[in-house]
Amino acid sequence: MKFSNRNVYVSSRAKVGRNVRIGDNSTIYDNVEIGDNSTICNHCVIGEPLVSYYREADYENPATVVGPNALIRSHSIIYAGCTLGEGFSSGHRITIRERTAIGSHCSIGTLCDLQGNVTIGNYCRLHSNVHVSQTCSIGDFVFLYPFSVMTNDPCPPSKEVKGGRIGSYTQVGVHAIVLPGIQVGENCLIGANSVVSKKVPDFSIVMGDPMRVVMDIRKYVVMGKGRPYPWMNRFDRDMPWEGIGYEAWMQRQGNAS
Amino acid sequence: MKFSNRNVYVSSRAKVGRNVRIGDNSTIYDNVEIGDNSTICNHCVIGEPLVSYYREADYENPATVVGPNALIRSHSIIYAGCTLGEGFSSGHRITIRERTAIGSHCSIGTLCDLQGNVTIGNYCRLHSNVHVSQTCSIGDFVFLYPFSVMTNDPCPPSKEVKGGRIGSYTQVGVHAIVLPGIQVGENCLIGANSVVSKKVPDFSIVMGDPMRVVMDIRKYVVMGKGRPYPWMNRFDRDMPWEGIGYEAWMQRQGNAS
Amino acid sequence: MKFSNRNVYVSSRAKVGRNVRIGDNSTIYDNVEIGDNSTICNHCVIGEPLVSYYREADYENPATVVGPNALIRSHSIIYAGCTLGEGFSSGHRITIRERTAIGSHCSIGTLCDLQGNVTIGNYCRLHSNVHVSQTCSIGDFVFLYPFSVMTNDPCPPSKEVKGGRIGSYTQVGVHAIVLPGIQVGENCLIGANSVVSKKVPDFSIVMGDPMRVVMDIRKYVVMGKGRPYPWMNRFDRDMPWEGIGYEAWMQRQGNAS
């Protein structure tokens, strides 16, 4: 139904892999490379030109790379200069601005807004409507929930751009805010609606506004379920340890390296 | 202006009622049924295929029903497998995922994001940018305001999906969050920015994070206005009791049944 | 790349200035006027008709004015009856409803949602995903950050529409909420996640929910940086005093008047 080649534009300077499908009404601009077996749904724009394009006669679109096995859902905009790793998937209407680098097997939800110069590791999942400011960075296996925000201006308005960092395995709840330049450790749980205003050590549960570190996550007990964190032993969907278990996978990683 | 049939695609397997208008650049996929006198504006996608479509050669699009007298504004995406009742209306760029069932005379605002398997009653109004997770349910005559969220994962990340419930006649303020599996009663008022973390009895006013039930809504007095809640006696726009009053309408309902 | 005139519709009753570029898949409806040297990117709709268009056979689209030197990014919707001043720029997927008047040199970020009858002065900057309800007004040189909201219904649901006001030079943090009818003074700083529930005097720093005026902004000291507010002496990007300084510019304004 979707791939009938109606109103599709692919630049002659784009490089499209094998078994790539491009949905109706989509546009692939100059210097975009799309890996094998990827699907770009309808109404998408890949390789959206930077602002200088509107002003400069000799504008050259920076290289954009979409890895193999991607599934980019409809109405999404990926700017030129981005790199999306293998197995990337997205919801609808995402916006990823220039020079954003995303590792492999990440999923970016409907209406997410990555402002550019953002770095995201592997196997991260941003749910709907997450906003990440310029120069923020995110580790591996990080989950951000709807309307969570990473900001970057410590004294607005200013020209200072000071993105924070979220460590690997951390969960960031709905409507949580990470203030400019703040470092959030690994294996943390940031509660819904928290405002993260100072450095968060590894293994912290954080709640509230102003934030408090309420406990070590390894001590957190859920009635009838034991200690649910770190979560890697109890959740494996779409994770590299799916079916084999986190410990076994870690061991293999150790052996391989 | 809008209905000049430019770049419109309607599947030969869709069923379009009488006096239906479909805006330019819109797409109606397989097995969609659109009721009489409905208007689908431009750049919409109705019957968006499920993820299995991208993988299965023999994919069959589930049935999608848009009731009569609908007005779906531009750039909206309605997944296959949804049922939208009579008199449905929407803002722009809404996303409604699969197996969502919405009653009659509901209005879903610009940028709303219903994640699928959501149940909504009749005469509800979701303002802009409301996010509803999978398996959540909403009664009748419920209003949700911008950036309010219903979540569903009690221990993220997990495979547990535990949507909450909002009872009839309840108002949910801007930026309010209903945590996973929480039951909110009927005729409540959830204040702006509240985090609803436990069961809310009928007729409660709730505020804050952590939430507090601050009073019985029937006792709430506004200076110079008396007792504004329950609200049905003072507000009737687009409600079934418009022009006749809530009490009279209730009586008729009683007689009819 | 963008302006190859594919699937563009411009009403014969629109008035397009010199050196205007209109992106592929964009639509310009009746009675729209676009100033010289403006760029409308792809997939945009300018002059979106009001709801009465769907019902009235003799509907006439109200006049819409986009000033000169505008840059409206892709997938944006501007309703008929809006006026956007000189040098307007936008992110992607903005929605501006009818009878909104925006001064000169404003920037409206990706996914912003202005609900109509909104008034915005000059040199304002709304970052991504700001929601402004009907009848709200905003002064000059105001910055609103992501997911901030101005509401307008004091006793929901009601027919009362009571938009608030944000004074000139004020900064409104991420996820902040301005409640219905509230007046926020000039030169204020509204902290992230605040709920502004009562009148805010000029030069206030406001934080929290419930809000507190925590200090006079002129007394706020940042270690190693002195007193950063008012901000006009330390920030001039895209401001009319860029390169000459705020004081000198103010003096010129005084002399000119």
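Now for a quick tour of the structure.

The rules behind the values
- Residues numbered from 1 in each chain as written.
- Chains lettered and ligands numbered in written order.
- Predicted model: local features only at pLDDT ≥ 70, side-chain atom pairs only at ≥ 80, totals over all residues.
- Heavy atoms only, no water.
- Helix = DSSP H or I, 4+ residues; strand = E, 2+ residues; numbered from the N terminus.
- Buried < 20%, exposed > 50% of the residue type's maximum accessible area, 1.4 Å probe, protein only.
- Polar contact = N/O pair within 3.5 Å; in protein donor to acceptor, adjacent residues only side chain to side chain.
- Contact = heavy atoms within 4.5 Å.
- Buried area = accessible area lost by both parts, 1.4 Å probe.
- Salt bridge = Lys/Arg side-chain N within 4 Å of Asp/Glu carboxyl O.
- Least-squares fit on C-alpha atoms with pLDDT ≥ 70 in both.
- Pairing = 2+ DSSP bridges.
- Nonpolar A, V, L, I, M, F, W, Y, C, P; charged D, E, K, R; others polar.
- Core = buried A, V, L, I, M, F, W, Y, C linked by side-chain atoms within 4.5 Å.
- Phe/Tyr/Trp six-rings, centres within 6.5 Å; stacked < 30°, edge-to-face > 60°.
- Lys NZ or Arg CZ within 6 Å of the ring centre and 35° of its normal.

1. Some details on the side chain of A:Asn152
Residue and element names in this part refer to chain A.
Move 1: Counting through the fold element by element, Asn152 comes out in the loop between strand E22 (149-150) and strand E23 (165-166).
Move 2: For Asn152, a relative accessible area of 14% corresponds to the buried category.
Move 3: A polar contact is formed between the side chain of Asn152 and the backbone oxygen of Gln134, at a distance of 3.0 Å.
Move 4: Once residues within four sequence positions are removed from consideration, Asn152 is found in contact with Ser133, Gln134, Glu160, Val161, Lys162, Gly163 and Pro180.

2. Some details on the interface of chain B and chain C
Move 1: Across the contact, 39 residues belong to chain B and 43 residues belong to chain C.
Move 2: Note on chain B versus chain C: buried area summed over both sides is about 3400 Å², and carbon and sulfur give 55% of it.
Move 3: Taken together, chain B and chain C are joined by 3 salt bridges.
Move 4: Here B:Lys2 makes a salt bridge to C:Glu48, at a shortest N to O gap of 2.4 Å.

3. As for the relation of the copies chain A and chain B
Move 1: With an RMSD of 0.0 Å, the operation that places chain A on chain B is a rotation of 120° combined with a shift of 0.0 Å along the axis. Such a turn and shift between the copies fits a three-fold axis.

4. Let's talk about the sheet that holds strand E10 (residues 77-79) of chain C
Residue and element names in this part refer to chain C.
Move 1: An order of E1-E4-E7-E10-E13-E16-E19-E22-E25-E28 is seen for the 10 strands of this open sheet, with the pairing classed as parallel. This sheet does not close on itself; its edge strands, each paired only once, are strand E1 (9-10) and strand E28 (195-196).
Move 2: Relative to strand E16 (residues 113-114), strand E13 (residues 95-96) runs parallel, the two sharing 2 bridges. Looking across to E16, one finds that Ile96 is bridged to Leu114.

5. Structural notes on the interface of chain A and chain B
When the parts of a complex come together, some accessible area is lost, and that lost area is often used as the size of the interface.
Move 1: Listed by partner, the interface residues are 39 residues for chain A and 43 residues for chain B.
Move 2: For the pair chain A and chain B, the summed buried surface comes to about 3400 Å²; carbon and sulfur atoms form 55% of the total.
Move 3: Run the count over chain A and chain B and you get 3 salt bridges.
Move 4: With a shortest N-O distance of 2.8 Å, B:Glu160 and A:Lys225 are connected by a salt bridge.
Move 5: Inspection of the region where chain A meets chain B yields 23 residue pairs in polar contact (both at pLDDT 80 or more).
Move 6: Class assignment for the residues of the side of chain A that touches chain B results in 16 nonpolar, 14 polar and 9 charged.

6. Let's talk about the pairing of strand E30 (residues 212-216) of chain A
Residue and element names in this part refer to chain A.
Move 1: Where strand E29 (residues 204-207) meets E30, 4 bridges bridge the pair, whose relative direction is antiparallel. For Met207, the partnering residue across the bridge sits in E30 and is Arg212.
Move 2: What sits between E29 and E30 in their antiparallel hairpin is a turn of 4 residues, with Gly208 showing a positive phi close to 90°.

7. Quick word on the nonpolar core
Move 1: Grouped together as the largest cluster of nonpolar side chains are 66 residues, with contacts concentrated most on A:Trp231, A:Trp241, B:Trp231, B:Trp241, C:Trp231 and C:Trp241.
Move 2: Secondary-structure elements contributing two or more residues to this core are helix H1 (246-256) of chain A, helix H1 (246-256) of chain B together with helix H1 (246-256) of chain C.
Move 3: Filtering out sequence-adjacent residues up to four positions away, B:Trp241 remains in contact with B:Phe141, B:Tyr169, B:Trp231, B:Met232, B:Phe235, B:Asp236, B:Tyr246 and B:Trp249.

8. Comments concerning the packing of aromatic side chains
Geometrically, a pair of aromatic rings is defined through the distance of the ring centres and the angle of the planes.
Move 1: A full pass over the atoms with the stated rule returns 63 aromatic pairs over all chains.
Move 2: Chaining the aromatic ring pairs together yields one cluster made of A:Tyr123, A:Phe141, A:Phe143, A:Tyr145, A:Tyr169, A:Trp231, A:Phe235, A:Trp241, A:Tyr246 and A:Trp249.
Move 3: Directly above the ring of B:Tyr79 sits B:Arg97, whose terminal nitrogen or CZ lies 5.0 Å from the centroid.
Move 4: The ring of B:Phe203 has B:Arg218 sitting right over it, with the charged end atom 3.7 Å from the ring centre.

9. Regarding unusual backbone geometry
Move 1: Look at the link from A:Asp209 to A:Pro210: it is a cis peptide, with omega at 0°.
Move 2: Of note, A:Pro210 is situated in the loop between E29 and E30.
Move 3: With omega at -10°, the peptide bond leading from B:Tyr229 into B:Pro230 counts as cis.
Move 4: Looking at the secondary structure, you find B:Pro230 in the loop between strand E30 (212-216) and H1.
Move 5: The backbone of A:Asn19 shows a phi angle near 55°, a positive value even though the residue is not glycine.
Move 6: Its identity is not glycine, yet A:Leu111 carries a phi of approximately 70°, on the positive side.
Move 7: One can find A:Leu111 in the loop between strand E15 (107-108) and strand E16 (113-114).
Move 8: Taking relative accessible area as the criterion, A:Leu111 reaches 1% and is therefore assigned buried.

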